[in-house]
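Chain by chain, the residues run as shown.
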Amino acid sequence: MYLSLIVTFILLMGLVVAGIQNVAPVDFKFLAWTFQMSITGLIFFAALPGLVRQILRNRSFRKEMRELKQQVGRVDKHADSGENYSRAFRAQIFRLPQIALERRGQIQPGFVG
């Protein structure tokens, strides 16, 4: 985890240094429009769709995590009330986070880890 943070920090510092050193305006043409902006602005606007996508993705992950926590809470509540669940049902409930990752395609079905 710390390695990815360090690499990200180094890449961002490289972008900042490149942006500070290259402040000359650049002509950018798109169809019939012509824009004039710095390279730093161009890099920022190129990265903007990825940033928006990541924010929306994180929001959906948090929503899904809340739903999974609610499901686990309901199961815990039923378990505390003395109801007897089968072993297979309990195993499926505790696999909910893994099932969610499988649905999103982040891990292979049947992954044990």
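Refer to the structure printed above.
Nothing here was measured: the structure is a model prediction, and the numbers come from that model.

**Q** Looking at this structure, how should I read the layout of surface pockets?
**A** In this approach a probe as big as a water molecule rolls over the atoms, and the regions it shows empty are the leftover space. Here the largest pocket is characterised by a volume of approximately 170 Å³. In terms of lining, the largest pocket is formed by Leu12, Leu15, Val16, Gly19, Thr40, Ile43, Phe44, Ala47 and Leu51. Those elements that provide at least two residues to the lining of the largest pocket are helix H1 (2-21) and helix H2 (39-80). Among the elements that take part in the lining of the largest pocket, H2 stands out by supplying five residues, more than any other. Grouping the amino acids of the lining of the largest pocket by side-chain chemistry returns seven nonpolar, two polar and no charged.

**Q** Please clarify how the pairing of strand E2 (residues 33-38) should be interpreted in this entry.
**A** Within a regular beta strand, the side chains point alternately toward one face of the sheet and then the other, so they alternate between its two faces. Burial analysis of E2 places just zero of its six residues in the buried class, which makes it a mostly uncovered element. Looking at chain direction, strand E1 (residues 25-30) and E2 are connected through six bridges and run antiparallel. Paired with phenylalanine 28 across the strands is phenylalanine 35, a residue of E2. Counting the residues between successive antiparallel strands, the hairpin from E1 to E2 contains two residues, one of them, leucine 31, with a positive phi of roughly 55 degrees.

**Q** Explain a positive patch on the surface to me, please; I cannot follow it from the model alone.
**A** Taken together, the side chains of Arg59, Arg62, Lys63 and Arg66 make up a positively charged region of the molecular surface. Counting through the fold element by element, arginine 62 comes out in helix H2.

**Q** What is the right way to read a nonpolar patch on the surface from this model?
**A** Taken together, the side chains of Tyr2, Leu5, Ile6, Phe9, Ile10 and Met13 present a nonpolar region at the surface, about 680 Å² in accessible area. With respect to the helices and strands, tyrosine 2 occurs in helix H1.

**Q** Looking at this structure, I do not really get unusual backbone geometry. What am I missing?
**A** Residue leucine 31 is not a glycine yet carries a positive backbone phi of 55 degrees. Locating leucine 31 in the fold gives a position in the loop between E1 and E2. Relative accessible area serves as the criterion here: at 75%, leucine 31 is assigned to the exposed category.

Cut-offs and rules
Residues numbered from 1 in each chain as written. Predicted model: local features only at pLDDT ≥ 70, side-chain atom pairs only at ≥ 80, totals over all residues. Heavy atoms only, no water. 1 Å grid on protein atoms, 1.4 Å probe; cavity = no way out; pocket = protein on both sides within 12 Å on 5 of 7 lines; lining within 4 Å. Points joined across faces, edges and corners; volume = space filled by probe spheres on them. Helix = DSSP H or I, 4+ residues; strand = E, 2+ residues; numbered from the N terminus. Nonpolar A, V, L, I, M, F, W, Y, C, P; charged D, E, K, R; others polar. Buried < 20%, exposed > 50% of the residue type's maximum accessible area, 1.4 Å probe, protein only. Pairing = 2+ DSSP bridges. Patch = residues over 30% accessible without salt bridge, like charges linked within 9 Å, V, L, I, M, F, W, Y side chains within 5 Å. Areas by Shrake-Rupley, 256 points an atom, 1.4 Å probe, with all protein chains shown as cover. Salt bridge = Lys/Arg side-chain N within 4 Å of Asp/Glu carboxyl O. Lys, Arg positive; Asp, Glu negative; His and termini not counted. Charge placed at Lys NZ, Arg CZ, Asp CG, Glu CD.

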